[in-house]
Amino acid sequence: MANTPHYAMVIDLNTCVGCNACMAACALENQTPVWDNKWRTYVHDMEIGTSTDDDVRRRFFPRLCNHCDNPPCMSVCPTGATHKLDNGIVLVDDELCMGCRACVMACPYDARYDVTSDDLEQGDKFFGELHYRTRPSVDKCSFCAHRVMRGLKPACVETCVGSARMFGDLNDPNDEVAKLVKTGVAKPLMAHLGTGPNVFYISDIERTT
Amino acid sequence: MAWKFPKLSRRTFLKTTGASAAGLSLLKANTLFSKQQPEKLLNVDKEEVSYTICNFCSSLCNVKVTSRTRNGVKRVEKLDGNPHSTLNRGKMCARGQAGVRQTYDKDRFKKPLIRVEGSKRGEWKFREVSWEEAWQYIDNKVNKPKNGEKIQPWEWTLIGGWTSCIFYMSWSVPFAVANGIPNIVASPMQHCVTTGHLGTDSVTGTFNVHDEILPDYDNAKYILYVGNNSSIGGVSTCRVVRFTQAIKNGAKVVVLDPRISETASKADEWIPIRPGTDLDFCLAMLREMLEKKYYDAEFLRVRTNMPFLVYKDDAGQWQLVKDSEGRPAVVWEGTSDIHILPAYTNYNRTDINGKTFCPSLYAPADLKVPAGLAGEGRPVLTVLQAQFEEIKHCTPEWAEKTTGIPADTIRRISTEFATSRPAIIDPGWHGARFGNIMMTRRVQAMIQVLNGGIDKEGGWILSGEFHHKLAAQVEAKKAGRDDVGAPMATKVGMDFALFVVNAFSSEKTFSHGHPGWAWAYSKQQRAEGKQGVALPVLADEGMKESVEGKVKWKGKPYLTRALFVNAANPVRHYYPDTYWKDMMKNDNLELVIALDVLPSDTTPYADVILPHSTYLERDEPTFYANGVNQDLAVTTRYAAIEPLYDSEEIPDVLLKLTEIISGKDGAFDKFAGMIEALTGLPAAATKAEWERLKAAGQKSPFSKACRKVGLIETAKKLLTTPEHLDKTLREKGVYHEEDWHKIIEEYGVPHKLPTTTASGRIEFFSSLFDMLRSQGFTAPNFSVLATPIAAECREDKTMDQALDPDEFYFAYGKVPTVSYASTNSNNPVLAAINTWKKDIYTGVWIHPDRAAKLGIKSGDKIKLKNSLSGQEAEGHVYVTRKVRSDTLFLHSAFGVENPQLTHSYAMGGTATNKLIPHNVEPVVAGFRSEEFTIRIAKA
Amino acid sequence: MEGMFYSTQNVWTWWIAIYLFLGGLGGAAVVVSCLTNMYFKPHKQLVVWGNISAFIMLSVGSLMLFIHLLDHWAVINVLNPMILITKPDAWIAWGTQFIVWMLVWSIIYTLPYLLETKFWTEMPVVGTILGWFNWLGKLSLKLHKLIGWLAVINAFGTVLYTGLLLQSFPAVALWHNPGVPLLFLVSAFSTAIAFLLLVLYLAIKQEEDHELRVFYERSDVILIGIELMIIFVFFEYTTSGLESARHTAQILWNDMGWIVGFVVFGLIVPFLIEFKGVTKGWGGSKVPIVLAAVLVLGGGYLLRHYFMYAGVYERPYPAVNIIRQHSELKLELAPTNKVLALLPSHYSMASKLG
Ligand SMILES: Nc1nc2c(c(=O)[nH]1)N[C@H]1C(S)=C(S)[C@@H](COP(=O)(O)OP(=O)(O)OC[C@H]3O[C@@H](n4cnc5c(=O)[nH]c(N)nc54)[C@H](O)[C@@H]3O)O[C@H]1N2
Ligand SMILES: Nc1nc2c(c(=O)[nH]1)N[C@H]1C(S)=C(S)[C@@H](COP(=O)(O)OP(=O)(O)OC[C@H]3O[C@@H](n4cnc5c(=O)[nH]c(N)nc54)[C@H](O)[C@@H]3O)O[C@H]1N2
Ligand code: SF4
Ligand code: SF4
Ligand code: SF4
Ligand code: SF4
Ligand code: SF4
Ligand SMILES: [Mo]
């Protein structure tokens, strides 16, 4: 197992400029139903510290599936559609998924959305001959497994203009991402839930001073 | 109990069963572990990669295009940043990523359109026609008009957007000159390039389009951004990659902006400055740095005109001390000895007699102009001293009043900036906004020069292409040659700018004796005692008057009767919308042609609409320098797919128009000959290729011929074979020539080469404005030294006086997901993001304290009214603390009117072109697009 | 990292609440009627009424679930019993199997009684079909107790799994706690008993069932009492618990539907009515008990409705699955101490500390 990678993402909030390139890249790479505003990743544009003018900050917050080590979405999935690869990537098999949305309810990170029959119809029009979806299902970020398998980075990471998104292997001690996680600079979200997320964030607040 | 009925699929589950086969396959025992999705995506017959250049902003990113074929159908699937490019470093912004959807936009023009007879311009009544019919229609309008008088060359006006400007300048300008058309309006100029850059360039002597300076954020320790966002974090990929690297390297970032922009959100310090007062901030900085001697004295002494001696004339104007041959004078450090320096050089330590000495930045107290020099007997100062005199009153306390920034902060920033070298002050790209913007840019350049940060790691780097052309130009100058070759391919900096000015302002350029109407109008204005615009370069000033028959030339009306809109959208991009609508609705304008890919807000006013192919469908006819890259490289576009529709290429369209305007006979030689004369592309070779392709029945043969010959010519220049160049570009998308470190080592400006200012030095005392002053332009905008110019947002009120409760200063900016106010807001991917972020992106930003007082909250509909011009527009409120309380901010991308752009139209938003009047500054007719206040009321 | 967001969901709405209600009610009805028949008092009519009603309720409920699916064909994956081997951790997999087998065994258990009754055998279509299954009826009688227990076990599973399913959604404090399966269990049985009381009072109407009715009434009082206690525990848990739980409390305890509809009319009032019935009696009138039973049934639905409705997710960023318009999301942000019910549409509430 030591040779099997364990994929993870680190997001540096200090350099995310909220350009939304990752959203666009992901949507086109993975053919998500943009016509219904459904995305595998979002970049929130948040106003924080809103009580006074001196406090106010603008924060861009990218989010996606955390590819949890202990994914509640998987344990509730009755069909086995949601499954985890050895490399840590959590996937949904649209051939198996019946769309009960238990996983949507179970995911603490709001990472999943529906692909409906209407979306399939729209997708055929939108992506034409290259549209690859054939079945309605629940969908979410796949860590671009199809790219990672070919040795590429996920589409959102590849294009991230701020290099805010970094992708790496936690099992490789020389990997930059692994180092950031190990030193504790990058922290997961809502770790207390025991989900074991594999997306880690570098805070833009603790770091600045 | 607010749940709605669950959204059930409109299709019944039975219909899902294209699925029935799949449904059965589910019964297979192994389906529980089928896990097929990742492979499904890649289940295609063929995958191909090609390279192109992004089409959505002046970042000009290099793009890798992945096309896939399935069931015999080839489509572009995905765009990525070109990983081989040092320009955008393999990255691309959302607009670039989504660019593929322009090609597949269902609203695209698919065939030529002619406005239905009897309809009015603006009504959108068009019928699809063949190209032949469209050309026939145009020919009739030009050569057989109802009034019997053919439309004359000078009665044409061309308007181009940045697409045509950057990619087709080498065709558009020769086309104009060959056909005797002296009128070109180019959309990036008044808003952007001339207004923004000329100020900077008058100091540094560059004059390129957006690549005039390429700050090296990678190596900077301190970066001060002044009113820029979309050229950085909001977003220009080529720059944001360097900007975020700077953050990762630990550079300190300070941003001056009235609101928290994307860039400001990443800064260590956001300085919420009052709109229109950046000049005051910068002047206070300049003053601080001069007073405290926070500068690189050696650099100023040797490479700039700071040590030049000046005096005040009777009119109280600063004048250079010059000898009879116009050469500048300086004083030897620690003495009163005055030396004459060569007129054009980049080195002040050797005088005309070959003597080496040390020029002083300070003249002794009682020094007078010696006999034999201009200004004889008058007290002299150095330029540095005079500059300080000029702005002595511009203290941080003085600036605090207008900027709203505490004096201590201004002082601190000045010190930090001066003591953290390498430091960058970044002027951004989008000029205009205020009458004082050009002066602001001048002062910023001066501040950068004080630190010595020109062509130096961590400072401003000048473009690779600029250096190479400059070297050749300087070489030629030394050898006493005037010209180095085809002017458009060889002239750089101020020489290029002045070449363009001369070509279109002079009545001698064309045999018909007409200069551009803009120049005629300027002269007319000045004859009437009005101010007039000094350099209306490619500007629209006077166009409306020309359409209305109010411009006279040699006693006769100088009419504009035909308009060719080439990849431009003036109704949205110029101010106000009515200026252009009224013009285009005017019957004097007999023909309006639009060449576009999508139905912009301008196209409803056309008589003929010609469909252009989109960037993924075309091999560009030429090879380009690598845009805003510091490195020197060559790149071009390769078509990824065949054109989807019956579209045409720009060179072929211009050739056809040449046949119509100048007659079919000899049209090719006329046009191609001018292309050769101006750009160097050999006409004979192009003709041979063109004829061959035409005979072979190829589509767009001229464009293809130019491409072919261009490849050979470019390869020659690069000392390689066309095959090698083509192969490299096909495999990598860029042909890397030289690393920028090497370029500045060899050709660094002003270290190694004099620049293109009149003196060859970096100029604090501006020779450009000295020249304009001598032509009688005396407004403070033309001051030879940096000087304050107050923004005039209200009548008879200064910027520090209180506003009325419903009144706000105005600021706008670009949104990261839309280019300009372009048709790419129609892109469904971008439109979806914009919808999701609708409040922030399309709302009018108002501070909560003001909103509370006015009783408005987020989402409320409001009316906005320009308090000076009375123009009105609508909007909805986004209450946020991210904006100064005296300022109202909005993104200028929205408010599309043409329902043919289905997504953009549905987006709504406030149209800035309805709020901004036609009010321009006097140097280059830059729009004063924020110089007013806005009053708001609940709608 | 500064600021958490709180939001409810719009994925499993009243549509699913109805299913949860019918599933619990139907399952518990099978358990109670079969066990009554087996161990308290043989009562064919009760079994027929209870099991056939349960069959209808679960068919309707399952159909609703089925309609709610995105890919209807893929339901085959959970109907396949092998699923329990490949996905033993998924409660829906268990639940589906429980429902299917509960329906099968409860019908087989009821079959002999149906075959004895003219009403059923002479019914068009149904009678014909019943005719084909005479052999099964006979077989069923032979193994009646075993089949009864198979029905009961699967029905019990059906009742229990809904609570366990909700409990397996970790981000929602209201759901992710051991009280939920218990509450759903108790509520299911109290509604089932209420339903069977209605059957006894209004449909079967037999004098000799007096003892049974009293037994049911007593059981129901106890169950409602327990339910009241659990609700009190939930009150404590949500008002002084995690932030997400406190948001739930604010939704629930500011909503008249919950307070008056469920707590008062769904629990307290029927409790008092039945308590009086059990202790002092209502002087022979069946009206009060029938009324109480109807109230209990209504309360049973409201409980599930509000449980789905008031489950608050705690998230580090605003939700998007809930309402896609960012602008709406930002309407929000009532501080925790504000009465959330005052917001026009409180399910869209997303609250942010700060
Ligand atoms: N409201 C508003 N106005 C602005 C600005 C702003 O931010 N907001 N920014 C200003 C600045 S900085 C600049 S540089 C200018 C730029 O202004 P423009 O140069 O006019 O820029 P675009 O909007 O990109 O393009 C104009 C037209 O080109 C068409 N087009 C796009 N691609 C192609 C193509 O491949 N072929 C052809 N033939 N046409 C094409 C579009 O459909 C559009 O109608 O705008 C200025 N004006
Ligand atoms: N998303 C996007 N990016 C682009 C383009 C695009 O169309 N869309 N186009 C490209 C082109 S051609 C250009 S020219 C550049 C333009 O890029 P920039 O020059 O960076 O221009 P903007 O983003 O329009 O404006 C920058 C900021 O100026 C602020 N501002 C407004 N008024 C004032 C003022 O008076 N003082 C100060 N200090 N700040 C003020 C606004 O709030 C805004 O945040 O962008 C390039 N990049
Ligand atoms: S983030 Fe959600 S969807 Fe992704 S693995 Fe974790 S629980 Fe599952
Ligand atoms: S919706 Fe699909 S992936 Fe999610 S739990 Fe149900 S079957 Fe599994
Ligand atoms: S990893 Fe791939 S699927 Fe996931 S958000 Fe990024 S681009 Fe989308
Ligand atoms: S691409 Fe990178 S910088 Fe841009 S929004 Fe996404 S994460 Fe942020
Ligand atoms: S910054 Fe974006 S829009 Fe501009 S050229 Fe680059 S990818 Fe295209
Ligand atoms: Mo621009």
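For the structure itself, consult the block above.
What you see is a predicted model; the values in this text were computed from it and never measured. (Residues numbered from 1 in each chain as written. Chains lettered and ligands numbered in written order. Predicted model: local features only at pLDDT ≥ 70, side-chain atom pairs only at ≥ 80, totals over all residues. Heavy atoms only, no water.)

A. Focus on the overall build of chain B. Within chain B, the regular secondary structure consists of 33 helices and 32 strands. Relative to its length of 939 residues, chain B is compact, with a C-alpha radius of gyration of 29 Å against a globular reference of 30 Å. Over its C-alpha atoms, taken along the principal directions, chain B stretches across nearly 100 × 75 × 60 Å. Split into buried and exposed, the 939 residues of chain B put 67% on the buried side. The contacts in chain B between residues at least 6 apart in sequence include a share of 71% that link residues at least 24 apart. Total accessible area on chain B stands at roughly 31,600 Å², and carbon and sulfur atoms take up 51% of it. Counting 118 positive and 110 negative side-chain charges, chain B places the centres of these two groups 5 Å from one another. (Helix = DSSP H or I, 4+ residues; strand = E, 2+ residues; numbered from the N terminus. Rg over C-alpha atoms; globule rule 2.2 N^0.38 Å. Buried < 20%, exposed > 50% of the residue type's maximum accessible area, 1.4 Å probe, protein only. Contact = heavy atoms within 4.5 Å. Areas by Shrake-Rupley, 256 points an atom, 1.4 Å probe, with all protein chains shown as cover. Lys, Arg positive; Asp, Glu negative; His and termini not counted. Charge placed at Lys NZ, Arg CZ, Asp CG, Glu CD.)

B. Expanded view of the overall build of chain A. A tally of regular secondary structure across chain A gives 7 helices and 10 strands. Rg of the C-alpha trace for chain A: 17 Å, near the compact-globule value of 17 Å for 209 residues, within the 12% margin. Dimensions of chain A, computed from C-alpha atoms along their principal axes, come out at roughly 50 × 45 × 30 Å. Every one of the 209 residues in chain A was classed for burial, and the buried ones make up 72%. Relative to all contacts within chain A whose residues are 6 or more apart in sequence, the contacts with residues 24 or more apart total 62%. Within chain A, the 28 negative side-chain charges are centred at a point lying 2 Å from the centre of the 21 positive side-chain charges.

C. Here's a closer look at the interface of chain B and chain A. At the junction of the two partners, chain B supplies 74 residues and chain A supplies 73 residues. Between chain B and chain A lies a buried interface of about 6,200 Å² when both sides are counted; carbon and sulfur atoms form 53% of it. Linking chain B with chain A are 7 salt bridges. Of the charged contacts in the structure, one is a salt bridge between A:Glu47 and B:Lys882, with a shortest N-O distance of 3.8 Å. Scanning the region where chain B abuts chain A turns up 29 residue pairs in polar contact (both at pLDDT 80 or more). The dominant element in the side of chain B that touches chain A, judged by the number of residues it contributes, is helix H8 (residues 237–249) of chain B, at 7 residues. (Buried area = accessible area lost by both parts, 1.4 Å probe. Salt bridge = Lys/Arg side-chain N within 4 Å of Asp/Glu carboxyl O. Polar contact = N/O pair within 3.5 Å; in protein donor to acceptor, adjacent residues only side chain to side chain.)

D. Local environment of the site of ligand 2. All names here are of chain B. Within the structure, ligand 2 sits among 38 residues, and Asn229, Ser230, Asp257, Asp278 and Tyr820 are positioned closest to it. Gly227 is positioned with one of its backbone polar atoms (N or O) 3.4 Å from an oxygen atom of ligand 2. At a separation of 2.7 Å, an oxygen atom of ligand 2 approaches a polar side-chain atom of Asp257. For ligand 2, the accessible surface in isolation is 920 Å², of which the surrounding protein chains cover 98%. Of the residues in the shell around ligand 2, the class split is 16 nonpolar, 15 polar and 7 charged. (Near = heavy atom within 4 Å. Nonpolar A, V, L, I, M, F, W, Y, C, P; charged D, E, K, R; others polar.)

E. Here's a closer look at the nonpolar core. In this structure, C:Trp12, C:Phe169, C:Trp175 and C:Phe307 are the most contacted members of the largest nonpolar core, which totals 184 residues. The greatest single-element share of this core, amounting to 18 residues, is contributed by helix H10 (residues 179–204) of chain C. Counting 134 residues, the second largest nonpolar core, distinct from the first, contains B:Val533, B:Phe769, B:Ala779 and B:Phe932. (Core = buried A, V, L, I, M, F, W, Y, C linked by side-chain atoms within 4.5 Å.)

F. Representation of the packing of helix H23 (residues 650–662) of chain B against helix H24 (residues 667–679) of chain B within the structure. Residue and element names in this part refer to chain B. Relative orientation of the contacting elements H23 and H24 amounts to 125°, with a least axis distance of 9 Å. Taken together, the axes of H23 and H24 lie oblique to each other. Relative to H24, the crossing made by H23 is right-handed. Residues Pro651, Leu654, Leu655, Thr658, Glu659 and Ser662 of H23 touch H24, and the partners they reach there are Ala667, Phe668, Lys670 and Phe671. (Axes fitted to C-alpha atoms, helices over the stretch in contact; angles between N-to-C directions. Parallel < 35°, antiparallel > 145°, perpendicular 65-115°, else oblique. Left-handed = near helix turned anticlockwise from the far one by under 90°.)

G. Structural context of a nonpolar patch on the surface. Residues and elements named next belong to chain C. Taken together, the side chains of Val125, Ile129, Trp132, Phe133, Trp135, Leu139, Leu143 and Leu146 define a hydrophobic patch exposed on the protein surface, amounting to about 830 Å² of accessible area. Mapped by element, the contributors of at least two residues to the nonpolar patch are helix H7 (126–132) and helix H8 (134–142). Here Leu143 lies in the loop between H8 and helix H9 (144–167). Residue Leu143 is classed as partly exposed on the basis of its relative accessible area, which comes to 42%. (Patch = residues over 30% accessible without salt bridge, like charges linked within 9 Å, V, L, I, M, F, W, Y side chains within 5 Å.)

H. Highlighting the packing of helix H7 (residues 187–204) of chain B against helix H15 (residues 437–450) of chain B. Residues and elements named next belong to chain B. Close contact between H7 and H15 brings their axes to 7 Å; oriented N to C, the two are set at 35°. Seen along the crossing, H7 lies across H15 with a hand that is right-handed. Facing H7, whose interface residues are Thr194, Thr195, Gly196, His197, Leu198, Gly199, Thr200, Ser202 and Val203, H15 presents Ile437, Met438, Arg441, Arg442, Ala445, Met446 and Val449. Here the residues of the contact of H7 with H15 sort into 7 nonpolar, 7 polar and 2 charged.

I. Molecular detail of the site of ligand 5. Close contacts around ligand 5 come from A:Cys26, A:Asn30, A:Arg40, A:Thr41, A:Leu64, A:Cys141, A:Ser142, A:Phe143, A:Cys144, A:Pro154, A:Ala155 and A:Cys156, and that covers them all. Elements supplying a minimum of two residues to the shell around ligand 5: helix H1 (21–30) and helix H6 (155–159) of chain A.

J. View of unusual backbone geometry. Here the bond from B:Arg421 into B:Pro422 is cis, since omega is -5°, no more than 30 degrees from zero. Positionally, B:Pro422 belongs in the loop between helix H14 (407–419) and strand E17 (423–426). Despite not being glycine, A:Asp110 has its phi angle at roughly 55°, a positive value. What makes A:Asp110 buried here is its relative accessible area of 4%. Even without a glycine there, the phi angle at B:Trp124 is positive, about 60°. Looking at the secondary structure, you find B:Trp124 in the loop between strand E4 (113–115) and strand E5 (126–128).

K. Molecular detail of helix H14 (residues 287–309) of chain C. Compared with an ideal rise of 1.5 Å per residue, which puts 23 residues at 33 Å, H14(C) spans 32 Å between its outermost C-alpha atoms and is within 8% of the ideal. Counting buried residues along H14(C), 17 of its 23 residues qualify, which places the element largely inside the surrounding structure. (Expected span 1.5 Å × (residues − 1).)

L. Here's a closer look at the side chain of B:Glu763. All names here are of chain B. Mapped onto the fold, Glu763 is located in the loop between helix H28 (740–747) and helix H29 (767–774). Although Glu763 is buried, it makes no salt bridge; Arg761 carries the closest opposite charge, 7.3 Å away. There is a polar contact of 2.6 Å between the side chain of Glu763 and the side chain of Ser767. Not counting chain neighbours up to four residues away, the residues in contact with Glu763 comprise Ser202, Val203, Asn305, Thr757, Ala758 and Leu768.

M. Summary view of the sheet that holds strand E2 (residues 62–70) of chain B. Residue and element names in this part refer to chain B. Spatial strand order, E1-E2-E3: 3 strands in an open sheet with antiparallel pairing. Both edges of this open sheet fall to strand E1 (46–53) and strand E3 (73–81), since each of them pairs with a single strand only. The mean inter-strand angle of the sheet, taken between neighbouring strand axes irrespective of direction, is 25°. Two elements, E2 and E3, share 8 bridges in a ladder whose sense is antiparallel. Note on E3: the bridge partner recorded for Arg68 is Arg75. (Pairing = 2+ DSSP bridges.)

N. Spatial organisation of the packing of aromatic side chains. If you walk through the whole model with that rule in mind, you get 57 aromatic pairs over all chains. Consider the rings of C:Trp14 and C:Trp15, whose centres lie 5.8 Å apart with planes at 75°: the pair is edge-to-face. A relative accessible area of 21% means that C:Trp14 is categorised as partly exposed. Among the residues examined, C:Trp15 registers a relative accessible area of 10% and is labelled buried. The rings of C:Phe235, C:Trp253, C:Trp258, C:Phe262, C:Tyr306 and C:Tyr309 are connected pair by pair, giving a single aromatic cluster. A cation sits over an aromatic face here: B:Lys110 above B:Tyr645, 5.5 Å from the ring centre. The ring centre of B:Phe167 lies 3.9 Å from the NZ or CZ of B:Arg637, which sits over that ring. (Phe/Tyr/Trp six-rings, centres within 6.5 Å; stacked < 30°, edge-to-face > 60°. Lys NZ or Arg CZ within 6 Å of the ring centre and 35° of its normal.)

O. Up close: the state of the cysteines. All names here are of chain B. Overall, the coordinates contain 0 disulfides over all chains when judged by the stated rule. Sulfur of Cys793: no disulfide; nearest cysteine sulfur belongs to Cys282 and is 17 Å away. Overall, Cys793 belongs to the buried group, its relative accessible area being 1%. (Disulfide = S-S within 2.5 Å.)

P. Layout of the environment of B:Pro917. All names here are of chain B. Looking at where Pro917 falls in the secondary structure, it is placed in the loop between helix H33 (902–907) and strand E32 (933–938). Linking Pro917 and Phe932, residues 15 residues apart in sequence, is a C-alpha distance of 9.4 Å. Once you skip the residues sitting within four places of it in the chain, Pro917 turns out to touch Tyr575, Pro576, Asn866, Ser869, Gln871 and Phe932.

Q. The pairing of E3(B), seen in detail. Of all 9 residues in E3(B), 7 are buried, a share of seventy percent or more. A loop of 2 residues connects E2(B) with E3(B), the two strands running antiparallel in sequence, and B:Asn71 in this loop sits at a positive phi of about 50°.

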